[in-house]
Amino acid sequence: MDDKFDIQAYMTQGVERIVADSLKATLRDPRESAFMVKFAAASRKASKIRAEAEKAGEHIPPFLIASITSKCNLHCAGCYSRCNHATQDSEPVCQLTGDEWLAIFREADEIGISYILLAGGEPMLRRDIIEAAGKMQNIIFPIFTNGTYMDADYLQLFDRCRNLVPVMSIEGGKEETDIRRGAGVYDKLIANMDSFREKGLLFGVSVAVTTQNVKEVISDDFLDTLAARGCKLVVFVEFVPVTEESKELAPGEEERIILKDGIARLRKEYREMVFVSFPGDEKSSGGCIAAGRGFFHINSHGGAEPCPFSPYSDINVRDTSLRAALQSDLFRALQEGDLLEDNHDGGCVLYEKRKQVEKLLALKE
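Residues numbered from 1 in each chain as written. Predicted model: local features only at pLDDT ≥ 70, side-chain atom pairs only at ≥ 80, totals over all residues. Heavy atoms only, no water.

**Student:** What's the story with the overall build of the chain in this structure? I'm lost.
**Tutor:** Scanning the chain from terminus to terminus reveals 16 helices and nine strands. Taken over 365 residues, the chain has a buried fraction of 57%. Within the chain, contacts between residues at least 6 apart in sequence are counted, and of these 71% link residues at least 24 apart. Summed over all atoms, the accessible surface of the chain reaches about 16,200 Å², with 50% contributed by carbon and sulfur. (Helix = DSSP H or I, 4+ residues; strand = E, 2+ residues; numbered from the N terminus. Buried < 20%, exposed > 50% of the residue type's maximum accessible area, 1.4 Å probe, protein only. Contact = heavy atoms within 4.5 Å. Areas by Shrake-Rupley, 256 points an atom, 1.4 Å probe, with all protein chains shown as cover.)

Okay, structure coming up:
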């Protein structure tokens, strides 16, 4: 690990900023504010646990991404997960059970992980797991969903369990969203937002930033639409091309500058909202924070992977603990080598350098 870059301090400060911003964003909602105050205390405790582990020579990241199912009902244009064969239409087999995921969540709490991003496939197909996550009040679970399975029962669950935060995928306006995700999806998302606002529920959106929508998704028209409906979190994710045909959608340097400047403006003008950018400031932070540096990924079958865009694994949490998975040969090799350095063209360094990751994995087998 680079001596000039303190990943623990970087990620701890990032968590503290998100918590502080979230507190500001929820001050007008007494129930949400009460939960965030409690979570802030839990987050400080988790940070101390990670700091103690760091002193002992063990790095624990504050973030985990959990793909709790490989099934999805949509066929979004350019979906990296389908192109990597990690998502399918049929009922998946041999995936982690609800009990196995609950055990993972409990260990994550014990070792100081504060955020677990639930993904898929479409995570809301696994209501049993989301209900289990709701019981883990020391951890915030952003649920990255296409929003098409939102119903009254889920709204009641989110009302009871304020640590569950739906983050719905949207591509900008109606035309941009429906072109990529399917006819009628935008209207469903807007209806969901209105239901959240009526019940006073915290929610966010996730935006795949492309060359075609970068100006739209940082515009006042788009943000005003979200703000008026009570959106408190916007996650910008640079589009990662997984086919030759989709390469033209990947943001280049010009688009990254537009996005960076736009987010800086939005953070000043929309103070009741939290803006997160991925990969965002990795260039100044010392490179990619995957492979356990800042986060790691558990796929639906239990494989511990550097990140969802880098679906390679040499260890499975069915056979070991989260703690041991973080010490896997693949993760160690990536952390100690130079593949995570930010000298690449695309939005994801490990996806762009996947051939090198594959060779690295072959050496470990």
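On we go from here.
**Student:** Sorry if this is basic, but what is going on with the packing of helix H7 (residues 174-181) against helix H8 (residues 185-199) here?
**Tutor:** Two packed helices can be described by the angle between their axes and the distance between those axes. Running from amino to carboxyl end, H7 crosses H8 at an angle of 120 degrees, the nearest separation of the two axes being 8 Å. Contact with H7, carried on its side by Lys174, Thr177, Asp178 and Arg181, involves Val185, Tyr186, Asp187 and Leu189 of H8 and no other residues of that element. Here the residues of the contact of H7 with H8 are counted per class, giving three nonpolar, one polar and four charged. (Axes fitted to C-alpha atoms, helices over the stretch in contact; angles between N-to-C directions. Nonpolar A, V, L, I, M, F, W, Y, C, P; charged D, E, K, R; others polar.)

**Student:** Explain the environment of Ile170 to me, please; I cannot follow it from the model alone.
**Tutor:** As for its position among the elements, Ile170 is in the loop between strand E4 (164-169) and H7. A sequence separation of 47 residues divides Ile170 from Val217, and the C-alpha atoms of the two residues are 9.4 Å apart. Beyond its immediate sequence surroundings of up to four residues, Ile170 is in contact with Thr177, Tyr186, Leu189, Met193, Val205, Ser206, Val207, Ala208 and Phe222.

**Student:** Before we go on, may I ask you to explain the pairing of strand E5 (residues 204-209) in this structure?
**Tutor:** Buried residues dominate E5, accounting for six of its six residues. Here E5 shows a buried face lined by Gly204, Ser206 and Ala208 and a second buried face lined by Val205, Val207 and Val209. Relative to E5, E4 runs parallel, the two being bridged by three bridges. Residue pairing across strands places Met168 opposite Val205, the latter belonging to E5. (Pairing = 2+ DSSP bridges.)

**Student:** How do you make sense of the packing of aromatic side chains when you look at a structure like this?
**Tutor:** Within a pair of aromatic rings, the relevant descriptors are the distance that separates the centres and the angle that separates the planes. The full count for this structure, using the stated rule, is 10 aromatic pairs. Their ring planes at 35 degrees and their centres at 5.1 Å tell us that Phe196 and Phe203 sit as a pair that is tilted. Note on Phe203: relative accessible area 0%, which makes it buried. For the ring pair Phe278 and Phe295, a centre distance of 6.0 Å and an interplane angle of 70 degrees mean the geometry is edge-to-face. Here Phe278, found in strand E7 (residues 274-278), pairs with Phe295, found in strand E8 (residues 295-298); they are 17 residues apart in sequence, far enough to count as distant. The exposure class of Phe278 is partly exposed, given its relative accessible area of 24%. Overall, the relative accessible area of 7% leaves Phe295 in the buried class. Of the aromatic side chains, those joined through ring pairs into one cluster are Phe35, Phe39, Phe63 and Tyr115. Its end group placed over the ring of Tyr154, Arg127 keeps NZ or CZ at 4.0 Å from the ring centre. (Phe/Tyr/Trp six-rings, centres within 6.5 Å; stacked < 30°, edge-to-face > 60°. Lys NZ or Arg CZ within 6 Å of the ring centre and 35° of its normal.)

**Student:** Would you explain the pairing of E8 in this entry?
**Tutor:** In summary, the side chains of a regular strand alternate between the two faces of the sheet. Burial of E8 is two-sided: the residues Phe295 and His297 facing one way and the residues Phe296 and Ile298 facing the other way are all buried. Relative to E8, strand E1 (residues 63-67) is paired through four bridges, and the arrangement is parallel. Note that in E8 the partner of Phe63 across the bridge is Phe295. Between E8 and strand E9 (residues 304-305), which pair antiparallel and follow one another directly, the connecting turn spans five residues, one of which, Gly302, has a positive phi of 100 degrees.

**Student:** Even after reading the chapter, I still don't get helix H5 (residues 127-134), so can you show me in this structure?
**Tutor:** Residues three or four positions apart in an α-helix share a direction because the helix packs 3.6 residues into each turn. Listed as buried for H5 are Ile129, Ile130, Ala132, Ala133 and Gly134. Buried residues along H5 sit in contact with helix H4 (98-111), strand E2 (115-119), strand E3 (141-145), helix H6 (152-160) and E4.

**Student:** Even after reading the chapter, I still don't get the environment of Tyr154, so can you show me in this structure?
**Tutor:** Checked against the element boundaries, Tyr154 lands in helix H6. Taking C-alpha positions, Tyr154 is 10.0 Å from Pro166, a pair spaced 12 residues apart along the chain. Those residues in contact with Tyr154 that sit more than four places away from it in its chain are Met124, Arg126, Arg127, Ile130 and Tyr149. A polar contact is formed between the side chain of Tyr154 and the backbone oxygen of Met124, at a distance of 2.7 Å. (Polar contact = N/O pair within 3.5 Å; in protein donor to acceptor, adjacent residues only side chain to side chain.)

**Student:** Explain the packing of H4 against H5 here, please?
**Tutor:** Remark: H4 packs on H5, axes separated minimally by 9 Å, with the N-to-C direction vectors making an angle of 30 degrees. In terms of orientation, H4 lies roughly parallel with respect to H5. Where H4 crosses over H5, the handedness of that crossing is right-handed. Packed against H4, whose contacting residues are Gly98, Trp101, Leu102 and Phe105, the element H5 presents Asp128, Ile129, Ala132 and Ala133 at the interface. Here the residues of the contact of H4 with H5 are counted per class, giving six nonpolar, one polar and one charged. (Parallel < 35°, antiparallel > 145°, perpendicular 65-115°, else oblique. Left-handed = near helix turned anticlockwise from the far one by under 90°.)

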